[in-house]
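Overview (structure and organization)
What follows is each chain in one-letter form.
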Amino acid sequence: MSASSVDLNADLGEGYGVWTLGDDDAMLDIVTSANVACGFHAGDPARLVRVCRAAAARGVRIGAQVSYRDLEGFGRRFIDAAAEELAADVMYQIGALSALATAAGTTVSYVKPHGALYNAIVTHRDQARAVATAVHAVDPGLLVLGLPGSAFLDEARELGLQTVTEAFADRAYQPDGQLVSRREPGAVIHDLDEVADRVISMVTAGRVTAIDGSTVEIAVKSICVHGDSPGAVHIAAAVRDRLTAEGVTLAPFS
């Protein structure tokens with residue numbers, strides 16, 4: 001399935017205190033949607049409100065990037081949380097970022113899980129249902145981003161939430177359409193031309209080459225470039241330039 005337009009998103013606001021991770025301002029000049037940390041895996045309130053203000057000034061859509069409560073592990077460690085506890089954590093994070101966004105003159109319009117939580121709810125049905133239920137409880141009008149074919153998007157649709165399928169510009173895929181674990185070699189792709197070529201294939205042809213050389217069919221409404229990857233700004237710019245050159249419009253998903 002080809003697309004004439006696609007959203008470009010990145011994870012932002014992921015510094016904490018004196019530690020800076022990524023170049024939020026530069027990325028906001030490139031992307032159309034910003035997945036903003038909510039304090040559980042990264043991001044402090046002062047930093048997050050600055051990101052919200054900067055996104056609002058540029059007309060970039062804001063999403064709540066919710067995660068496990070894992071600041072030390074950057075949200076990349078699985079936590080076997082009870083459904084009720086996980087749902088409460090997700091509601092808390094959306095509420096916190098929504099308050100900061102409101103103060104910045106904008107709103108949170110979607111939710112995207114981060115890291116280990118994102119990967120877990122591809123197949124972990126109970127946690128997928130907990131996250132979807134939390135989003136619906138806060139605001140049934142919020143959209144959710146997730147991996148095509150994931151349990152999370154299934155559960156979200158069951159509740160009547162609008163879902164958005166996304167693909168990853170700089171991550172390798174398994175033959176079943178899931179992401180290759182960051183613990184495995186080749187999981188993150190750094191070559192600009194290779195990344196741009198893969199994105200064009202995903203957006204215009206609806207497919208991507210898996211790590212074993214097989215072809216994975218993929219439906220994509222949004223492309224993610226990780227804001228914390230080395231050279232993230234250059235990767236995002238290369239992706240945007242290639243999409244534009246191929247006649248694909250960059251616009252927030254609807």
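In the block above lies the structure referred to throughout.
None of these values were measured; they are calculated from a predicted model. (Residues numbered from 1 in each chain as written. Predicted model: local features only at pLDDT ≥ 70, side-chain atom pairs only at ≥ 80, totals over all residues. Heavy atoms only, no water.)

Across its full length, the chain carries eight helices and ten strands. Against the globule reference of 18 Å for 254 residues, the chain gives a C-alpha radius of gyration of 17 Å, in line with a compact fold. Projected onto its principal axes, the C-alpha coordinates of the chain cover approximately 40 × 40 × 35 Å. Sequence-distant contacts in the chain: of pairs separated by 6 or more residues, those separated by 24 or more amount to 73%. Of the roughly 10600 Å² of accessible surface on the chain, a fraction of 51% belongs to carbon and sulfur atoms. Each charge sign in the chain was given a centre, from 20 positive and 32 negative side chains, and these centres are 2 Å apart. (Helix = DSSP H or I, 4+ residues; strand = E, 2+ residues; numbered from the N terminus. Rg over C-alpha atoms; globule rule 2.2 N^0.38 Å. Contact = heavy atoms within 4.5 Å. Areas by Shrake-Rupley, 256 points an atom, 1.4 Å probe, with all protein chains shown as cover. Lys, Arg positive; Asp, Glu negative; His and termini not counted. Charge placed at Lys NZ, Arg CZ, Asp CG, Glu CD.)

Let's shift gears to the packing of aromatic side chains. In the structure shown here, the tally under the stated rule is four aromatic pairs. Residues Tyr68 and Phe78 carry aromatic rings whose centres are separated by 5.9 Å and whose planes lie at 90° to one another, so their mutual orientation is edge-to-face. Here Tyr68, found in the loop between strand 3 (61-66) and helix 3 (83-103), pairs with Phe78, found in the loop between strand 3 and helix 3; they are ten residues apart in sequence, far enough to count as distant. Accessibility expressed as a relative area gives 2% for Tyr68, which makes it buried. (Phe/Tyr/Trp six-rings, centres within 6.5 Å; stacked < 30°, edge-to-face > 60°. Buried < 20%, exposed > 50% of the residue type's maximum accessible area, 1.4 Å probe, protein only.)

Right, let's get into helix 2 (residues 45-58). Over its 14 residues, helix 2 extends 20 Å from the first C-alpha to the last, a length consistent with the 20 Å expected when each residue adds 1.5 Å. Where helix 2 is buried, its residues contact strand 1 (5-12), helix 1 (24-28), strand 2 (33-37), strand 3 and helix 3. Just beyond helix 2, the residue with positive phi is Gly59, at close to 75°. (Expected span 1.5 Å × (residues − 1).)

Let's shift gears to the environment of Thr106. Positionally, Thr106 belongs in the loop between helix 3 and strand 4 (108-113). Separated by 58 residues in sequence, Thr106 and Leu48 place their C-alpha atoms 13 Å apart. Not counting the four nearest positions on each side in its chain, Thr106 is found in contact with Cys52, Ala56, Ile62 and Ala101.

Running from N to C, helix 5 (residues 125-138) and helix 6 (residues 151-158) cross one another at 45°; their axes reach a closest spacing of 8 Å. As summarised for this structure, helix 5 and helix 6 are arranged oblique, according to the angle between their axes. The crossing of helix 5 and helix 6 is right-handed. Counted together, Arg125, Ala128, Arg129, Val131 and Ala132 of helix 5 and Ala151, Phe152, Asp154, Glu155 and Ala156 of helix 6 form the full contact between these two elements. (Axes fitted to C-alpha atoms, helices over the stretch in contact; angles between N-to-C directions. Parallel < 35°, antiparallel > 145°, perpendicular 65-115°, else oblique. Left-handed = near helix turned anticlockwise from the far one by under 90°.)

Our focus in this paragraph is the nonpolar core. The biggest cluster of nonpolar side chains holds 79 residues, and the ones touching the most others in it are Tyr173, Val199, Met202, Ile223, Val239 and Leu243. The next biggest cluster of nonpolar side chains, apart from the first, holds five residues, and it includes Tyr110, Leu143, Leu145 and Phe253. (Core = buried A, V, L, I, M, F, W, Y, C linked by side-chain atoms within 4.5 Å.)

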